[in-house]
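Residues per chain are reported as follows:
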Amino acid sequence: MPSYVFASNDDRERHRLRCLARLLDPMHRRALEALEIDSRWHALELGAGLGTMSAWLAHRTGPAGHVLATDLNTRFLSQVSHPDNMTVERLDAVHDPLPESAFDLITVRALLHHLPEWRQVVKKCGHALKPGGTLVVVEPDATSGMLNVVPPHQRFWSAWCRWGRREGIDFRLGHKLPGAMHAAGLDVADTVMEVPFYHGGSAWAEFYSQTVDAAGPRLGDAIDPGLVAAFHEASADPDALMCSLGWIAVSGRRAPGACKGGAP
Ligand SMILES: C[S@@+](CC[C@H](N)C(=O)[O-])C[C@H]1O[C@@H](n2cnc3c(N)ncnc32)[C@H](O)[C@@H]1O
């Protein structure tokens, strides 16, 4: 299976993740706030990146709670200072086991679409929740690419999704999440997808442009270079209006009475 595409340890990748955090932390925090976080919760984040959400959760729970921030590569997590009740660990969400019935909250953002085995990861999270615990997942869905009114932008996102499939990435995963979480035995709350429309030169434009650049060597000739150039050009043009990938936040609760040994 292809390795994680954006595995670079360099400053550009840190900057790209910083942009992503600024764009998605507010939506992610709203999904978590809807749960009425308890100060004694034990929480786990998979693929935590820079750890901004883990740090926020650790502050939010307070000293009686605990957050385990994990990533396949803890390069950025271990470089930032974090609250005393937050621990950093290397963890491969696909291959490493999770303890059974251990967490009140598990959260995952912008990771599952990179994992062909994502449905197994969702199941594993279901088993790792305590009865009554909640899984909150935030992932993209590029189906919204067709809402772009400028045909080359639509064609760009279609080509991007085709390239993603070749790399084992499902940029259209978002809308599949509620069903997969339900199949994992979780009680899924009503869900809304956010689909930002943004101008060239905005934070979204910068993030997507950096992402396309970061994929550069792996893109090869999978996307017509003319389309890539038009995409970058529009991303820098304040008069261009584009439609982002949709971003969905899904919450699923393990039944309070679920017996040890797994979600029902
Ligand atoms: C797109 S970044 C998202 C980071 C962060 N969740 C965010 O939304 O800001 C994906 C993260 O998942 C991590 N990752 C990739 N494959 C992984 C795996 N198999 N297990 C755990 N983390 C993984 C990467 O190292 C990276 O930090």
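Presented here is an overview of the structure given in this document. A quick note: this is a predicted structure, and the numbers were derived from the prediction, not measured. (Residues numbered from 1 in each chain as written. Predicted model: local features only at pLDDT ≥ 70, side-chain atom pairs only at ≥ 80, totals over all residues.)

Quick notes on the nonpolar core
The test is simple: Any nonpolar core is a set of buried residues, restricted to Ala, Val, Leu, Ile, Met, Phe, Trp, Tyr and Cys, that join up through C-beta atoms within 7 Å. Three classes are used. A residue is buried when 20 or more other C-beta atoms lie within 10 Å of its own, exposed when 12 or fewer do, and partly exposed in between, with C-beta atoms placed from the backbone. The contact rule is simple: place each C-beta atom from the backbone, and if two of them lie within 7 Å, those residues are in contact.
Counting 57 residues, the largest nonpolar core has Ile106, Leu112, Leu135, Val137 and Met181 as its most contacted members. Non-local contacts of Leu112, meaning those with residues more than four positions away in its chain, are made with Trp118, Val121, Val137, Glu139 and Leu173.

So, the packing of helix H4 (residues 151–166) against helix H7 (residues 225–235)
The condition that has to hold: Only C-alpha atoms enter the line fits that serve as axes; for helices the fit covers just the stretch in contact. Angles between N-to-C directions range over 0 to 180 degrees. Helix and strand labels come from DSSP, where a helix needs a run of H or I of at least four residues and a strand needs a run of E of at least two; each type is numbered from the N terminus. Each crossing gets its handedness from the near helix: less than a right angle anticlockwise from the far helix is left-handed, clockwise is right-handed. Three classes are used: nonpolar for Ala, Val, Leu, Ile, Met, Phe, Trp, Tyr, Cys and Pro, charged for Asp, Glu, Lys and Arg, and polar for all others, with Gly counted as polar.
Relative orientation of the contacting elements H4 and H7 amounts to 120°, with a least axis distance of 9 Å. The way H4 lies across H7 gives a crossing that is left-handed. Between H4 and H7, the contacting residues are Pro152, His153, Arg155, Phe156 and Ala159 on the first element and Leu227, Ala230, Phe231 and Ala234 on the second. Broken down by class, the residue content of the contact of H4 with H7 amounts to seven nonpolar, one polar and one charged.

Concerning the environment of Arg166
Note on placement: Arg166 falls in helix H4. Take Arg166: there are 12 C-beta atoms within 10 Å of it, and that puts it in the exposed class. Counting along the chain gives 56 residues from Arg166 to Ala222, while the straight-line C-alpha distance between them is 9.3 Å.

Some remarks on the pairing of strand E2 (residues 66–71)
The test is simple: Strand pairing requires that DSSP identify at least two bridges connecting the strands. Orient the strands so they point away from the viewer; a crossover is then right-handed if the path from the first strand over the helix to the second runs clockwise.
Burial analysis of E2 places six of its six residues in the buried class, the great majority of the element. Every second residue of E2 is oriented toward a common face, with His66, Leu68 and Thr70 on one face and Val67, Ala69 and Asp71 on the other, all of them buried. Note: strand E1 (residues 42–46) against E2, four bridges, orientation parallel. Directly across from His42, in E2, lies its bridge partner His66. Chirality of the crossover, the property in question, places the unit of E1, helix H2 (residues 52–61) and E2 among those that are right-handed. Across five bridges, E2 lies against strand E3 (residues 86–90) in parallel orientation. Bridge pairing in E3 places Ala69 opposite Val88.

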